[in-house]
Amino acid sequence: MLTSVQNPRVKRVRRLHDGKGRRDEGAFLVEGTRLLEALRESGWPVREVYVLEERLAVVPHEWHDRLTVVAPHVFGAMSTLDHPEGVLAVVDLPQAPFLPEVAPDALWLALDGLQDPGNVGALIRTADAAGVGTIVLGPGCADPFQPKVVRSSMGSIFHVRMTRVPDVLACAAATRASGMRWIATTLDRAQPLWDAPIEGPVCWWIGREGTGLTPEALEAADIRVHIPMAGRAESLNAAAAAAVCLFETTRRRRMP
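These figures come from a predicted structure and were not determined experimentally. (Residues numbered from 1 in each chain as written. Predicted model: local features only at pLDDT ≥ 70, side-chain atom pairs only at ≥ 80, totals over all residues. Heavy atoms only, no water.)

> Looking at this structure, how should I read the nonpolar core?
Most often, soluble globular proteins have nonpolar side chains that are buried together. Core analysis: the largest hydrophobic core is formed by 53 residues, its most contacted members being Leu-39, Leu-109, Leu-111, Ile-135 and Trp-204. With six residues, the top contributor of residues to this core is helix α9 (residues 238-254). In this structure, Ala-172, Ala-184, Trp-205 and Ala-221 belong to the second largest nonpolar core, which totals 18 residues. (Core = buried A, V, L, I, M, F, W, Y, C linked by side-chain atoms within 4.5 Å. Buried < 20%, exposed > 50% of the residue type's maximum accessible area, 1.4 Å probe, protein only. Helix = DSSP H or I, 4+ residues; strand = E, 2+ residues; numbered from the N terminus.)

> What am I meant to see in the pairing of strand β6 (residues 134-137) here?
Burial along β6 is two-sided: Thr-134 and Val-136 facing one way and Ile-135 and Leu-137 facing the other are all buried. Pairing of strand β5 (residues 107-112) with β6, which is carried by four bridges, proceeds in the parallel orientation. Bridging from a neighbouring strand, Trp-108 pairs with Thr-134 of β6. Strand direction decides the pairing type here: β6 and strand β7 (residues 161-164), joined by four bridges, are parallel. Note on β7: the bridge partner recorded for Val-136 is Thr-163. Remark: the β6/helix α6 (residues 147-153)/β7 crossover connection has right-handed handedness. (Pairing = 2+ DSSP bridges. Right-handed = clockwise from strand over helix to strand, strands pointing away.)

By themselves these figures say nothing about function.
Have a look at this one:
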């Protein structure tokens, strides 16, 4: 049993609380029974599991060779939660994937400058539910493997391919050559979503909270779309807007 917060293994886990530590260690944290169940089902590589003695029963048998029991005060130091559930795993970061080939029915989501971890996690979860194959993360986006994003994704972090790019405009240009159309959500010179041509391979392009996409991104988009509002609200937040657009795309693809 680990009983000292000065143990090197404890210190390594604590390093995963911040982005630099995650990059240096090549790993991130997964906490709580629900997320660990999603992790187990995904088959994602697990390095280590730490658990309170009274929570041993929740750890899958196949992870017992990587299991360490820790004292309560040590677990509190390792966890990022105010009220931890008593079980966490150290998980390999994925290798940075190249952009995949653009399939004829590709559905992608590009997040450009979204900084709020809760929003990014919610968008990953929504993208997973809508059948998105790839999420492109541009500069300024919250780290998808920080603890709050992982929790907000509710396990979808393990199901959707994610790739960071240094320049979303360059990414759009590269994939456009393969037939993908990039669709911007905006109120500026945009056509209603219900009438927009969103068939074929598409990438929905979502901008920063509050300010939306940059003028350069809007000019580079192949299509500009707005969501018609029946009420008095002028706009939706990023996560809600993406959900409407992604599921409208999925709905049309399933129409006879």
